[in-house]
Amino acid sequence: MYVLGIAVALLFLALVLALYELYLRSLPSYKAAAQFPGARVYPLVQNVFTVMFKNQLEAFDDARKWAREYGASYRFLIRGVLFVQAVRYKEVEMLLSSTRLIRKSPLYKLTFPFIGEGLLNSTGDKWHQRRRILTPTFHFNILQSFLQTFHEECSKLVLQLSEQVDKDIVTELQPLSTQVTLNTICETAMGIKLDSTETADVYKRNIRTVGTIIQHRLMNPLLYEDSVYKALGYQAKFDQILAPIHAFTRNIIKKRRQMFHANVDNPADISEENVYTNIKQRYAMLDSLLLAEAKQQIDDEGIREEVDTFMFEGHDTTGSAFVFIFLSIANHQDVQERVYQEIYATLQDRSDPAEPLTIQDYNNLKYMERVLKECMRVYPPVPFISRFVTEDVRYEDKWIPKGSVISVEIFDLHRDPEQFPDPERFDPDRFLPEHVEKRNPYAYVPFSAGPRNCIGQRFAMLELKSIVTAVLREFRVLPVTKRDEIVFVADMVLRARDPIKVKFERRNV
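Residues numbered from 1 in each chain as written. Predicted model: local features only at pLDDT ≥ 70, side-chain atom pairs only at ≥ 80, totals over all residues. Heavy atoms only, no water.

Side note on the pattern of salt bridges
Under the counting rule described, the total for this entry stands at 34 salt bridges. One salt bridge connects Asp 62 with Lys 65, and the closest N-O pair in it is separated by 3.9 Å. Taken together, the positions of Asp 62 and Lys 65, both in helix H4 (residues 56–70) and three residues apart, correspond to about one turn of that helix. Between Arg 304 and Asp 308 there is a salt bridge, and its shortest N-O distance comes to 2.9 Å. Taken as a pair, Arg 304 and Asp 308 lie in helix H15 (residues 300–331) at a separation of four residues, close to a single helical turn. Here Arg 304 matches Asp 308 in class, with each residue buried. If you follow the salt bridges from partner to partner, you end up with Lys 126, Arg 130, Glu 305 and Glu 306 in one network. (Salt bridge = Lys/Arg side-chain N within 4 Å of Asp/Glu carboxyl O. Helix = DSSP H or I, 4+ residues; strand = E, 2+ residues; numbered from the N terminus. Buried < 20%, exposed > 50% of the residue type's maximum accessible area, 1.4 Å probe, protein only.)

As structure tokens, then:
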């Protein structure tokens with residue numbers, strides 16, 4: 001009787017599993033998957049074990065291996081959901097150019113405890129409203145005012161590098177980049193100098209940990225469910241990390257709000273376009289949010305979401321670019337020398353070479369701009385972005401059903417040999433106007449593209465140009481870490497497993 005009971009139970013289980021497999025095969029995602037190359041789809045588990053349960057190094061390497069192996073955008077099936085990994089511009093253009101497919105994928109919910117549903121994560125009317133509030137923050141006049149902060153932080157950087165040169169120290173780029181970019185975004189976003197606050201060290205330390213924790217959860221599907229994440233104690237540990245970050249942000253917002261209302265007459269009468277001219281102290285991005293609050297367009301929690309979003313997105317991505325820019329110019333001395341000569345010529349053309357450069361001066365550094373773009377092609381600061389498909393999509397001879405997820409693998413997109421011949425070769429002239437015109441605009445998207453393109457891309461480029469100019473005026477950058485020595489790990493921004501190092505030497509030596 002006991003044996004019979006077990007047999008019946010096993011038969012029932014087999015029936016349930018067979019019905020579940022039939023259900024999976026009946027879904028539109030199963031049929032749509034046949035249009036794309038991809039790993040073998042196994043019964044029941046589909047591609048769960050192909051993709052998941054990997055460490056950060058394996059996850060990064062496998063994504064690159066699949067892009068090379070399939071030579072086209074490819075797919076996975078996981079729990080009945082179609083995941084398309086877009087590595088060619090046709091799929092990328094279809095996705096990023098759409099005004100309807102703007103919802104971030106469920107993967108981004110892992111960032112909600114940190115930054116909530118701010119500009120990065122929101123969708124629909126909320127996203128449109130936040131975008132409208134924040135767009136004036138990057139007006140030309142405001143960017144010009146941010147240059148003062150950029151130049152101040154660059155001066156600190158040059159002094160720090162001078163001390164390292166005097167001691168003949170090899171420089172690790174990651175800590176240096178975090179310091180510069182975090183200080184810069186803190187002052188431009190919140191209007192305070194991070195080094196001047198008592199809680200700055202805790203904030204810096206904790207904000208660096210956040211990305212690592214999110215990536216760990218991303219690679220383990222068992223931790224996706226909030227209830228499981230909480231039951232295993234991970235949520236409590238994450239909350240402990242986030243508590244001082246949110247407390248710091250809220251305290252700054254409170255102080256800035258008091259200053260804002262003390263110095264701005266009739267904020268309700270000020271338009272978003274001229275908020276900059278009505279601020280009687282140095283402008284910060286937070287002031288635009290406080291103006292919107294005065295007009296009852298955003299509440300206190302919404303302000304906190306946007307400030308934390310700016311702080312996270314505005315330092316981590318630019319910091320990654322910083323690291324790989326200096327790695328690249330160290331390993332390509334001819335490129336570095338040409339950038340320096342362009343800087344030198346620009347300074348010599350000025351009536352007073354000691355005067356800080358203007359936005360127009362930086363705009364005239366055409367070769368430097370090509371170098372930065374090529375750096376971000378080879379080493380995109382954000383290696384992937386992901387969207388949830390909210391409606392059936394048809395393009396060319398393909399279709400992708402509602403409920404799918406499309407991830408743009410920017411690292412591989414930028415290595416499409418049809419768009420970038422000999423893609424591993426570092427060549428800034430790929431961005432000469434005559435070459436750009438021949439290339440599909442969605443083949444190069446370091447700042448995303450379309451309606452949800454990065455609102456801060458001009459800010460980031462101006463900051464990076466300021467840093468490169470300040471450093472190369474004083475120093476040569478010499479290689480220590482070679483390009484082929486880098487081992488990447490999967491993360492929200494592009495990171496190397498091991499420290500990336502260069503050496504600086506004075507130009508007058």
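Concerning the sheet that holds strand S3 (residues 171–172)
Strand order in the open sheet formed by three strands is S3-S11-S8, with antiparallel pairing between adjacent strands. The open sheet has two free edges, formed respectively by S3 and strand S8 (475–479), since each of these has just one partner strand. Of the strand pairs in this sheet, S8 and strand S11 (residues 501–506) are connected by five bridges, and their pairing is antiparallel. Its bridge partner being in S11, Pro 479 is matched across the sheet by Val 502. Its contacts with the sheet put H15 on S8 and S11, and the angle it makes with S8 is roughly 85 degrees. (Pairing = 2+ DSSP bridges. Contact = heavy atoms within 4.5 Å. Axes fitted to C-alpha atoms, helices over the stretch in contact; angles between N-to-C directions.)

Thoughts on helix H12 (residues 234–263)
For H12, built from 30 residues, the straight-helix expectation of 44 Å at 1.5 Å per residue is met to within 8% by its first-to-last C-alpha distance of 43 Å. The largest bend in H12 comes to about 30 degrees, at Leu 242, with the proline Pro 244 one to four residues further on. Along H12, the positions that sit buried rather than exposed are Gln 235, Phe 238, Leu 242, Ile 245, His 246, Phe 248, Thr 249, Ile 252, Ile 253, Arg 256, Arg 257 and Phe 260. (Expected span 1.5 Å × (residues − 1). Bend = angle between axes of the 7 residues up to and from the residue.)

Overview of the pairing of strand S1 (residues 74–78)
Burial analysis of S1 places five of its five residues in the buried class, the great majority of the element. Burial along S1 is two-sided: Tyr 74, Phe 76 and Ile 78 and Arg 75 and Leu 77, pointing in opposite directions, are all buried. As defined by bridge partners, S1 adjoins strand S2 (residues 81–86) across five bridges and the pair is classed as antiparallel. Across the sheet, residue Leu 77 finds its bridge partner in S2, namely Leu 82. Connecting S1 to the next strand, S2, in antiparallel fashion are two residues, including Arg 79 with a positive phi near 55 degrees.

Focus on the sheet that holds S1
Here four strands make up an open sheet; going across it, the order is S1-S2-S7-S4 and the pairing mixed. Single-partner strands in this sheet number two, and they are S1 and strand S4 (384–388). On average, each strand axis in the sheet is tilted by 20 degrees relative to the strand beside it, whichever way the strands run. Against the sheet, H4 engages S1 and strand S7 (405–409), with an angle of about 125 degrees to S1.

Re the side chain of Asp 416
Structurally, the position occupied by Asp 416 is in the loop between helix H19 (410–413) and helix H20 (433–438). In contact with Asp 416, not counting residues within four places along its chain, are Arg 88 and Tyr 89.

Considerations on the UniProt feature "binding site: heme" (unreviewed entry) in the chain
Taken from the UniProt record, the annotation "binding site: heme" (unreviewed entry) applies to Cys 454. Following the sequence through the fold, Cys 454 ends up in the loop between H20 and helix H21 (457–474). Given the relative accessible area of 32%, Cys 454 is considered partly exposed. (UniProt positions renumbered as here; feature names shortened; annotations may be inferred.)

Focus on a nonpolar patch on the surface
On the surface, a nonpolar cluster with roughly 630 Å² of combined accessible area is contributed by Tyr 2, Val 3, Ile 6, Leu 10, Leu 13 and Leu 17. As for its position among the elements, Tyr 2 is in helix H1 (residues 2–26). (Patch = residues over 30% accessible without salt bridge, like charges linked within 9 Å, V, L, I, M, F, W, Y side chains within 5 Å. Areas by Shrake-Rupley, 256 points an atom, 1.4 Å probe, with all protein chains shown as cover.)

What about the environment of Gly 191?
With respect to the helices and strands, Gly 191 occurs in the loop between helix H9 (173–190) and helix H10 (200–218). By relative accessible area, which is 30% here, Gly 191 ends up partly exposed. For the pair Gly 191 and Ser 227, spaced 36 residues apart in the sequence, the C-alpha separation amounts to 38 Å. Setting aside chain neighbours within four positions, we find Gly 191 in contact with Cys 186, Arg 256 and Ala 284.

Quick notes on helix H7 (residues 124–134)
Those residues of H7 lying buried are Trp 127, Arg 130, Arg 131, Ile 133 and Leu 134. Each buried residue of H7 lies within a common arc of 160 degrees when the element is viewed along its axis, so the set occupies one face. Buried residues belonging to H7 abut helix H14 (285–294) and H15. (Arc of directions from axis to C-beta.)

With respect to unusual backbone geometry
For Asp 168, which is not glycine, the phi dihedral falls at a positive 55 degrees. Here Asp 168 is to be found in the loop between helix H8 (140–166) and S3. When its relative accessible area of 52% is taken as the criterion, Asp 168 is described as exposed. Look at Glu 396: it is not a glycine, yet its phi comes out positive at around 50 degrees. Along the polypeptide, Glu 396 turns up in the loop between strand S5 (393–395) and strand S6 (398–400).

Considerations on the packing of aromatic side chains
Counted by the stated rule, this structure contains 23 aromatic pairs. Here Tyr 74 and Phe 76 contribute two aromatic rings whose centre-to-centre distance is 5.6 Å and whose plane-to-plane angle is 90 degrees, an arrangement assigned as edge-to-face. Of the two residues, Tyr 74 and Phe 76, neither departs from the other in class, the shared state being buried. Through a chain of ring-to-ring contacts, the aromatic side chains of Phe 138, Phe 146, Phe 150, Tyr 283, Phe 310 and Phe 459 assemble into a single cluster. Lying across the ring of Phe 420, Arg 377 places its NZ or CZ 5.2 Å from the centre. Taking NZ or CZ as reference, Arg 439 lies 4.9 Å from the ring centre of Phe 431, over its face. (Phe/Tyr/Trp six-rings, centres within 6.5 Å; stacked < 30°, edge-to-face > 60°. Lys NZ or Arg CZ within 6 Å of the ring centre and 35° of its normal.)

Focus: the environment of Gln 341
Inspection of the secondary structure puts Gln 341 in helix H16 (residues 333–348). Residue classification places Gln 341 among the partly exposed residues on the basis of a relative accessible area of 40%. Between the alpha carbons of Gln 341 and Pro 401 there is a distance of 53 Å; along the sequence they are 60 residues apart.

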